[in-house]
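# An overview of the molecular structure
One letter stands for each residue in the lines below.
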Amino acid sequence: MLKWNLLNISAGFFLGLFLVADASAAFRISPNLLVRQEYNDNIDLRSEGELSDFITTIMPGVRLTWETRPATLSLDYSLRFRFYLDHDERNETSLRQTQRIDLGSTFHLYRNMLFLSVSNVYERVTIDEGDRTGIDSDLVNLTDSNRLRVNPYFVLEPTSTLSLRTDYIYENVWYERDIAIDYERHTGRVQMTKEISPRVQASVSGSHSLYRPKENPLAAVGDADQEFDRTDARVSLIYAPTQRLTFDAYYSRGWVDYTERPNQTLDLFGGGFRYLLGPEKVVGARYDETTSFSVRDGLIETKRYEAFIEFTPRVTSRWSVFYREADYLIQDRQDDSRGVSVSGEWPWTNRMGLSYLVLLTRYDRSGPGDFEETYNRYGTRLGIYRDMRLGRFHLGHTWNKNDSDIPNNDYVNNIVWAEMRFVF
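A few points on the structure. Small disclaimer: the values here were computed from a predicted structure and weren't measured. (Residues numbered from 1 in each chain as written. Predicted model: local features only at pLDDT ≥ 70, side-chain atom pairs only at ≥ 80, totals over all residues. Heavy atoms only, no water.)

## Some thoughts on the overall build of the chain
Looking only at helices and strands, the chain has 3 helices and 21 strands in total. Burial analysis of the chain (424 residues in total) assigns 40% to the buried set. In the chain, 53% of the contacts between residues at least 6 apart in sequence involve partners at least 24 apart. As displayed, the chain has an accessible area near 22,300 Å², and 57% of this comes from carbon and sulfur atoms. (Helix = DSSP H or I, 4+ residues; strand = E, 2+ residues; numbered from the N terminus. Buried < 20%, exposed > 50% of the residue type's maximum accessible area, 1.4 Å probe, protein only. Contact = heavy atoms within 4.5 Å. Areas by Shrake-Rupley, 256 points an atom, 1.4 Å probe, with all protein chains shown as cover.)

As structure tokens, then:
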């Protein structure tokens, strides 16, 4: 699978270069390198018998962009090699373990009407958000994934305030872990957007998709239970009464037709606002009810409430409080979480400052039978940075703690780290 991914990505990128080679173009290349040394006192996030180690990470990478009149191409490619002092059997040195690829391209096939967008992302993703995890923890509850997306679309603008768009979207998603659900999805979509006034914009859309999981006897949910066709209708509105204030809202209804399960009807809606308090401060709030595909547990309906405040540009910071309900539509499972998130940078001078990330979350999980679990998860990452001519030096500490009413699920993790990121 990895071999074919590399071949497809390389072929697509260099084909794009060939197609646009004769056009007026802007080509940019930016090599980069990350070198990191850390001490991790609980690499597996265990409740007992913790394993500690010194870990060296080396990440060479490159970013390429190629902008022309007929096409825009981008490639973000990096390799990550990890070496363990005391547990060298965990070393990551093969391409299958270490690479990250983010390829994007948009081709203008006919005038300013017909386009083709192709993207491919190969990266490591979390399997189950409610399972063991932590800031900077890169071994537990993770799997490699590859997501290919091909999207030809047609845009028509009969007037300056009206646009029509039709899409066909093909997605192919693969995961390395056997317990995950690989799938293909085909979607057709039509959307009309109308600018009612300079301050009001509305859109109406409809879509039909075919979700086809690939056969996997080890998956948590059976393949036949997963297969469905889905039809969606959606209306949305954006209203900006002033230059400082923006509202948006949407309502969507989805009809899910399973192959071997009772059909479901989904009412999805949401909205929010953003208010610019000044040149460096934005406050807002949102509610979103959406669906997503989990890595191994089927379709999830999520309700999320959030209120936030953002500071930019000198003191870059975001503070938010949130509440989230996740209902697994094919399983008897619900995860609720609520908490606080704070992240950003506090510069002391033009070159030095403090970086910070603080996560406090309370989880309530219920599952099949009488299974219930309540736990508090804490995480902090504090660092001191110094910007240099060729990059940034960073020194810091990461702390993770899980406090559960099931003692075997408790763990504490400390990471002391120093890294240098070079950008050439």
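## Thoughts on empty space enclosed by the protein
Any space left empty among the atoms is revealed by the rolling of a water-sized probe across them. Within this structure, the stated rule accounts for 1 cavity of 30 Å³ or more. Estimates place the volume of the largest cavity at around 50 Å³. Lining of the largest cavity is provided by Glu38, Asn40, Ile43, Ile55, Arg82, Tyr84, Asp136, Ser137, Asp138 and Leu139. Listed by contribution, the elements that provide at least two residues to the lining of the largest cavity are strand 1 (25–40) and strand 4 (81–84). Of the residues in the lining of the largest cavity, the class split is 4 nonpolar, 2 polar and 4 charged. (1 Å grid on protein atoms, 1.4 Å probe; cavity = no way out; pocket = protein on both sides within 12 Å on 5 of 7 lines; lining within 4 Å. Points joined across faces, edges and corners; volume = space filled by probe spheres on them. Nonpolar A, V, L, I, M, F, W, Y, C, P; charged D, E, K, R; others polar.)

## Things to note about the packing of aromatic side chains
The tally for this structure, following the rule as stated, stands at 18 aromatic pairs. Ring centres of Tyr39 and Phe54 lie 5.0 Å apart, and the angle between their planes is 50°; this geometry places the pair in the tilted category. One end of the pair, Tyr39, is in strand 1; the other, Phe54, is in strand 2 (residues 53–68), with 15 residues separating them in the sequence. Centre to centre, the rings of Tyr378 and Trp399 are 6.3 Å apart; their planes meet at 20°, and the pair counts as stacked. A residue pair is termed long-range when its members are at least 10 positions apart, and Tyr378 in strand 19 (residues 372–388) and Trp399 in strand 20 (residues 391–404) qualify at 21 residues. With relative accessibility at 26%, the residue Trp399 sits in the partly exposed group. Within the aromatic cluster, the residues linked to one another by ring pairs are Tyr183, Tyr211, Phe228, Tyr258 and Phe293. Sitting over the face of the ring of Tyr153, Arg165 holds its NZ or CZ atom 3.9 Å from the ring centroid. (Phe/Tyr/Trp six-rings, centres within 6.5 Å; stacked < 30°, edge-to-face > 60°. Lys NZ or Arg CZ within 6 Å of the ring centre and 35° of its normal.)

The quantities given are spatial measurements derived from coordinates; they are silent on function.
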